[in-house]
Amino acid sequence: WFVAIGVLSIATSVWAGSYDDFFKAIQLDQPRAVEALLQRGFDPNTVNPDGVPGLLKALQEQSFKVAAVLASHEHTRPDVRNARDESPLMLAALRGQEALVVQLVSRGAAVKKAGWTPLHYAATGGHLRVAAFLIGAHADVNAESPNGTTPLMMAAMYANSGMVKLLLESGAEAYLRNDQGLDAEDFAIKAGREDSANLIRQVLRR
């Protein structure tokens, strides 16, 4: 009985050390340390004290080398969500991590989802190649956030006219309005992006 308690105590101590090592390696973007833990059987889906899984935490920390290791691991769940319903694919798209976006989609991460989508995030970040890839992977160019905001509206507000052009050429509807009654042109005007506003006006005049 005492032996069993001793073995359990050692196992618990080892697990606790691995847990701390895992999230420290994520913070410092140390892929080899994470690979070593995974090879020893550490669960890549382990959550931190705030309930955030390792892959999402790596993306939040912009630890992209560790994120790539976790995304490629066969036991990693690629479509976990945080409290804001953000997926790893959304955060990778926002940061313009094209290779990671491709990797996550190949692992089955959802390109389409209710509410905010990876394409919203790519459009917000102004990452043309990522947005083009997501559109090629059948992203909904007219997806609406909970308040009716589309990727085109986000591009008009935050990105350059190249992103607006890509979305319009991919079928984004310029006339849609969100719950505040604003369309993409209104977003562009509000942000002082006249080039984008002109592109949208040209479409609306057709």
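Please refer to the structure higher up on the page.
Structural notes on the side chain of N82
Phase 1: If you trace the backbone, N82 turns up in the loop between α4 (64-72) and α5 (88-94).
Phase 2: Using a relative accessible area of 15% as the deciding quantity, one classes N82 as buried.
Phase 3: Only 2.9 Å separates the side chain of N82 from the backbone nitrogen of R84, close enough to count as a polar contact.
Phase 4: Not counting residues within four places of it along the chain, the set of residues in contact with N82 comprises L56 and Q60.

What to know about the environment of K190
Phase 1: Take K190: it is sitting in helix α11 (residues 184-190).
Phase 2: Taking the C-alpha atoms as reference points, K190 and L56, separated by 134 residues in sequence, lie 32 Å from one another.

So, the packing of aromatic side chains
Phase 1: Enumeration according to the criterion identifies three aromatic pairs in this entry.
Phase 2: Judged by centre distance (4.9 Å) and plane angle (80 degrees), the ring pair of F22 and F23 falls under edge-to-face.
Phase 3: Note on F23: relative accessible area 14%, which makes it buried.
Phase 4: Plain terms: the ring middles of F22 and F42 are 4.7 Å apart, the flat faces sit at 45 degrees to each other, and that makes the pair tilted. Linking F22 in helix α1 (residues 2-28) with F42 in the loop between α2 (31-39) and α3 (54-60), this pair joins segments that are 20 residues apart in sequence. Both residues of the pair, F22 and F42, count as buried.

Side note on the packing of helix α9 (residues 151-158) against helix α10 (residues 161-169)
Phase 1: Contact geometry for α9 and α10: axes closest at 8 Å, N-to-C directions at 160 degrees. Viewed along their axes, α9 and α10 adopt a mutual orientation that is roughly antiparallel. In this structure, the crossing between α9 and α10 has a hand that is left-handed. Of α10, the residues touching α9 (which contributes P151, L152, A155 and A156) are M163, V164, L167 and L168.
Phase 2: Across the contact of α9 with α10, the residue classes break down as eight nonpolar, no polar and no charged.

What counts as what
- Residues numbered from 1 in each chain as written.
- Predicted model: local features only at pLDDT ≥ 70, side-chain atom pairs only at ≥ 80, totals over all residues.
- Heavy atoms only, no water.
- Helix = DSSP H or I, 4+ residues; strand = E, 2+ residues; numbered from the N terminus.
- Buried < 20%, exposed > 50% of the residue type's maximum accessible area, 1.4 Å probe, protein only.
- Polar contact = N/O pair within 3.5 Å; in protein donor to acceptor, adjacent residues only side chain to side chain.
- Contact = heavy atoms within 4.5 Å.
- Phe/Tyr/Trp six-rings, centres within 6.5 Å; stacked < 30°, edge-to-face > 60°.
- Axes fitted to C-alpha atoms, helices over the stretch in contact; angles between N-to-C directions.
- Parallel < 35°, antiparallel > 145°, perpendicular 65-115°, else oblique.
- Left-handed = near helix turned anticlockwise from the far one by under 90°.
- Nonpolar A, V, L, I, M, F, W, Y, C, P; charged D, E, K, R; others polar.

Remember, this is a structural readout, not a statement about activity or role.
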